[in-house]
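# Fold and contact review
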Amino acid sequence: MGDSFNTEGWGLIAGNGDFPLLVLEGARRRGVDMAVIAIREEATRELDHAAKRIHWVSLGELGRAIELLHQEGVKQAVMAGQVKHQQIFSDIPADGRMAPLLERLATRNTDALIGAVASVLKFEGIELVDSTLFLEPLLPAPGVLTARAPDAREAGDMAYGREIARQIAGLDLGQTVVVAERACVAIEAMEGTDETIERAARLAGGRPLVVVKVSKPKQDMRFDVPVVGPRTIEVMQRCGATALAIDAGRTLIFERARVVEMADAAGIAIEAAAHEPAGGDGQ
């Protein structure tokens with residue numbers, strides 16, 4: 001990040017899961033004390049203990065969030081932690097800043113919604129930066145991460161799955177597909193990765209599964225970065241999935257040592273491949 005890295009004026013907009021906690025920890029190691037805007041419907045209460053300055057707002061309170069960011073002197077912000085896609089269809093009240101933003105959306109997908117929020121923040125003088133800025137050690141390099149490499153069956157399913165997953169991710173529908181015997185068993189939409197794997201297990205009739213999770217062809221690293229962690233391995237083991245394919249440098253692995261240990265114990269192979277956009281035409 002260089003010697004000129006400014007440790008002042010940082011904020012965190014926190015969704016669900018451990019991602020926000022890890023960002024706070026990584027920022028603290030760099031001497032950055034972040035003000036936190038925690039989304040009440042999503043964020044964990046552990047943030048109350050992890051952050052010195054924290055404000056809780058509802059998902060629809062964009063105006064209040066901006067006021068608090070200005071109050072805290074935030075000039076650069078990180079958005080970390082998922083906001084469930086189905087929240088777009090919830091009955092959470094939208095304030096005078098959020099309601100017109102939602103009305104202007106041409107499509108109600110993740111890129112459109114969070115991209116619109118990022119534009120509002122920029123207009124307000126707040127730059128939304130790469131969500132992995134403080135977490136680079138969690139981004140794997142290309143290669144096999146586990147003791148066991150994928151076998152021929154799994155490698156074939158991975159190659160097929162990546163081709164399909166990149167097309168789906170390019171449409172901003174989801175970033176995970178589950179494959180068995182070169183057939184796509186389940187495609188992620190709003191339900192999330194875990195439920196996609198569980199649905200695949202119900203459909204596959206006991207056939208071994210391969211899970212493929214990719215980044216979008218033009219992944220905006222400021223938000224919606226693919227994440228795997230111990231829970232992913234737990235679900236895969238329970239559902240009969242024997243291999244996991246992810247994108248190197250564009251997928252966060254939470255608790256990597258534990259993930260690899262769990263995968264090795266379960267006989268699951270994990271491979272990170274260099275990112276190649278659908279069609280291989282670059283970005």
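Structure: above.
None of the values given here were measured: they were computed from a predicted structure.

### Observations regarding the sheet that holds strand 5 (residues 127-129)
- Within the open sheet, the five strands sit side by side as 3-2-1-4-5. Their pairing is parallel. Two strands lie at the open edges of the sheet, namely strand 3 (53-57) and strand 5, each paired on one side alone. Each strand axis lies, on average, 25° off the axis of its neighbour in the sheet, ignoring direction.
- Note that strand 1 (residues 10-14) and strand 2 (residues 35-39) share four bridges and pair parallel. Directly across from I13, in strand 2, lies its bridge partner I37.

### Observations concerning the sheet that holds strand 11 (residues 241-247)
- Strand order in this open sheet of six strands is 6-13-11-9-7-8, and the pairing throughout is mixed. Where the open sheet ends on each side, the last strands, each with one partner, are strand 6 (143-144) and strand 8 (183-187).
- By the bridge criterion, four bridges tie strand 9 (residues 209-213) to strand 11 in an arrangement that is parallel. Its bridge partner lying in strand 11, L209 is registered against A241.
- Against the sheet, helix 7 (residues 193-204) makes contact with strand 7 (176-180), strand 8 and strand 9, and its axis sits at roughly 135° relative to strand 8, the strand it touches most.

### Examining the state of the cysteines
- In total, this model carries zero disulfides according to the counting rule given.
- Free of any disulfide, C184 has its nearest neighbouring cysteine sulfur in C239, separated by 16 Å.
- For C184, a relative accessible area of 28% gives the class partly exposed.

### A word on the pairing of strand 11
- Counting buried residues in strand 11 gives seven out of seven residues, a clear majority hidden from the surface.
- As paired elements, strand 11 and strand 13 (residues 269-273) share five bridges and run parallel to each other. In the sheet register, A243 faces strand 13, and the bridge partner there is A269.

### Section: the pairing of strand 4 (residues 76-80)
- Counted residue by residue, strand 4 has four buried out of five residues, so it is predominantly covered.
- Alignment of strand 1 against strand 4, held across five bridges, turns out to be parallel. If you follow W10 over to strand 4, its bridge partner there is Q76.

### A word on helix 9 (residues 256-266)
- Residues V259, V260, M262 and A263 constitute the buried set of helix 9. Axial view of helix 9: buried residues confined to an arc of 165°, hence all on one face. Exposed and oriented more than 90 degrees from the buried face of helix 9 are A257, E261 and A265.
- Where helix 9 is buried, its residues meet helix 8 (230-239), strand 12 (252-253) and strand 13.
- Backbone geometry just after helix 9 places G267 at a positive phi near 75°.

### Brief notes about the pattern of salt bridges
- By the definition in use, this model includes 18 salt bridges.
- The salt bridge partner of E72 is R53, with a shortest N-O separation of 2.7 Å. You can see E72 sitting in the loop between helix 3 (62-71) and strand 4 and its partner R53 sitting in strand 3, a full 19 residues away along the chain.
- Because the salt bridges share partners, they merge into one network encompassing R148, R153, E154 and D157.

### A closer look at the environment of R104
- Residue position: R104 is located in helix 4 (residues 98-104).
- With a relative accessible area of 61%, R104 lands in the exposed category.
- Along the sequence, R104 and A189 sit 85 residues apart, while their C-alpha atoms lie 23 Å from each other.

### Looking at the packing of aromatic side chains
- Within this structure, the stated rule accounts for two aromatic pairs.
- Ring geometry for W10 and F134: centres 5.3 Å apart, planes at 75°, overall edge-to-face. Within this pair, whereas W10 is found in strand 1, its partner F134 is found in the loop between strand 5 and strand 6, the two being separated by 124 residues in sequence. Just as W10 is buried, F134 falls in that class too.

### Digging into helix 7
- With 12 residues, helix 7 should reach 16 Å at 1.5 Å per residue; the first-to-last C-alpha distance of 16 Å fits that figure.
- Within the sequence span of helix 7, burial applies to T193, T196, I197, A200 and A204. The buried residues of helix 7 occupy an angular sector of 95° when the element is viewed end-on, so they sit on one face.
- Close packing links the buried residues of helix 7 with strand 7, strand 8, strand 9 and helix 8.
- Of the residues flanking the end of helix 7, it is G205, one or two places downstream, whose phi is positive at about 65°.

What counts, and at which threshold
Residues numbered from 1 in each chain as written. Predicted model: local features only at pLDDT ≥ 70, side-chain atom pairs only at ≥ 80, totals over all residues. Heavy atoms only, no water. Pairing = 2+ DSSP bridges. Helix = DSSP H or I, 4+ residues; strand = E, 2+ residues; numbered from the N terminus. Axes fitted to C-alpha atoms, helices over the stretch in contact; angles between N-to-C directions. Contact = heavy atoms within 4.5 Å. Disulfide = S-S within 2.5 Å. Buried < 20%, exposed > 50% of the residue type's maximum accessible area, 1.4 Å probe, protein only. Arc of directions from axis to C-beta. Salt bridge = Lys/Arg side-chain N within 4 Å of Asp/Glu carboxyl O. Phe/Tyr/Trp six-rings, centres within 6.5 Å; stacked < 30°, edge-to-face > 60°. Expected span 1.5 Å × (residues − 1).

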